[in-house]
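# Overview (structure and organization)
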Amino acid sequence: MKKIAIQLVHPNYRESRVNKALIKAVENLENVTVYNLYEKYPNYKIDVEEEQKILLDNDVVLFQFPLYWLSSPSLLKEWFDSTLTYNFAFGEQYLLEGKKFAIATTAGSGTKEYHHEGSNKLPVEEFLNPFIGTASYTKMQYQDPFVTYETFVLSDEQLDLASQNYVKYIQTLAV
């Protein structure tokens, strides 16, 4: 079973009903370790050596975050800029080559808004294109994302189902 590192990147995690439920559903899975980047790096000073070790020690790296202005929270960009260095992630050495790269994101709007005819004009998957590029550039294997929509209006039953589906998603990444 593949080892999975979940890089949780949520600036208001304590107040997040949906992301907390998703993490709670998977945090005790045998092969999963959750790293809360905003807890680790409230000052945005990334410990590059530690983060690179986490990447090397895992087979799958999953970035979980809410969509903020149709992108990720800023700490994730800082993490990429600091951690994915020359001759580690690209250059003469590609030490992450072949590892799985996955995204789990939450969106306040629904699929109706994330559509070419909707208010956001594009599906969520198209807003994730920079992550596809990062995975490709580092020779990692980009996986289809796990998206939870309408986070502000999900019923408890819908959130339970999303959590169950997240467990299944994680299990497919571990194969």
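The preceding data block contains the structure.
Reading guide: rules and limits
Residues numbered from 1 in each chain as written. Predicted model: local features only at pLDDT ≥ 70, side-chain atom pairs only at ≥ 80, totals over all residues. Heavy atoms only, no water. Helix = DSSP H or I, 4+ residues; strand = E, 2+ residues; numbered from the N terminus. Contact = heavy atoms within 4.5 Å. Areas by Shrake-Rupley, 256 points an atom, 1.4 Å probe, with all protein chains shown as cover. Salt bridge = Lys/Arg side-chain N within 4 Å of Asp/Glu carboxyl O. Buried < 20%, exposed > 50% of the residue type's maximum accessible area, 1.4 Å probe, protein only. Axes fitted to C-alpha atoms, helices over the stretch in contact; angles between N-to-C directions. Parallel < 35°, antiparallel > 145°, perpendicular 65-115°, else oblique. Phe/Tyr/Trp six-rings, centres within 6.5 Å; stacked < 30°, edge-to-face > 60°.

This next bit is on the overall build of the chain. Tallying secondary structure elements over the chain gives seven helices and six strands in all. Mapped from its N terminus to its C terminus, the chain presents α and β elements in the order β-α-β-α-α-β-α-β-α-α-β-β-α. For the C-alpha atoms alone, the extent of the chain along its principal axes is close to 45 × 35 × 35 Å. For the chain, the share of sequence-separated contacts (at least 6 apart) that also reach a separation of at least 24 residues comes to 76%. A total of about 9,300 Å² of accessible surface is found on the chain, and carbon and sulfur atoms cover 50% of it.

This part is about the pattern of salt bridges. Within this structure, the stated rule accounts for five salt bridges. For Arg17, the salt bridge goes to Asp156, with nearest N and O atoms at 2.9 Å. With Arg17 in helix α1 (residues 17-26) and Asp156 in helix α7 (residues 156-173), this pair connects stretches of sequence that are 139 residues apart. Among the salt bridges present, the one from Glu50 reaches Lys40, with a minimum N-O distance of 3.1 Å. You can see Glu50 sitting in helix α3 (residues 48-57) and its partner Lys40 sitting in helix α2 (residues 37-40), a full ten residues away along the chain. By relative accessible area, which is 35% here, Glu50 ends up partly exposed.

To continue, consider the packing of α3 against helix α4 (residues 74-83). Each pair of packed helices can be described by the angle between their axes along with the distance between the axes. Following both chains from N to C, one finds α3 and α4 inclined at 90 degrees, their axes separated by 10 Å at the closest point. As judged from the angle between their axes, α3 and α4 are roughly perpendicular. For the pair formed by α3 and α4, the contact residues are Val48, Glu51, Gln52 and Leu55 on the first element and Trp79, Ser82 and Thr83 on the second.

Right, let's talk about the packing of aromatic side chains for a bit. Using the criterion set out here, one finds 16 aromatic pairs in the structure. When the centroid spacing of 5.9 Å and the interplanar angle of 50 degrees are considered together, the rings of Phe80 and Phe131 count as tilted. A residue pair is termed long-range when its members are at least 10 positions apart, and Phe80 in helix α4 and Phe131 in helix α6 (residues 129-137) qualify at 51 residues. Across the pair, Phe131 and Phe80 agree in class, each one buried. Here the aromatic rings of Tyr166 and Tyr169 are separated by 6.5 Å at their centres, their planes lie at 15 degrees, and the arrangement is stacked. Within this pair, Tyr166 and its partner Tyr169 are both found in helix α7, separated by three residues, close to a single helical turn. Of the two residues, Tyr166 and Tyr169, neither departs from the other in class, the shared state being buried. Taken together, the ring pairs in this structure connect Phe63, Phe65, Trp79, Phe80, Phe101, Phe131 and Tyr142 into an aromatic cluster.

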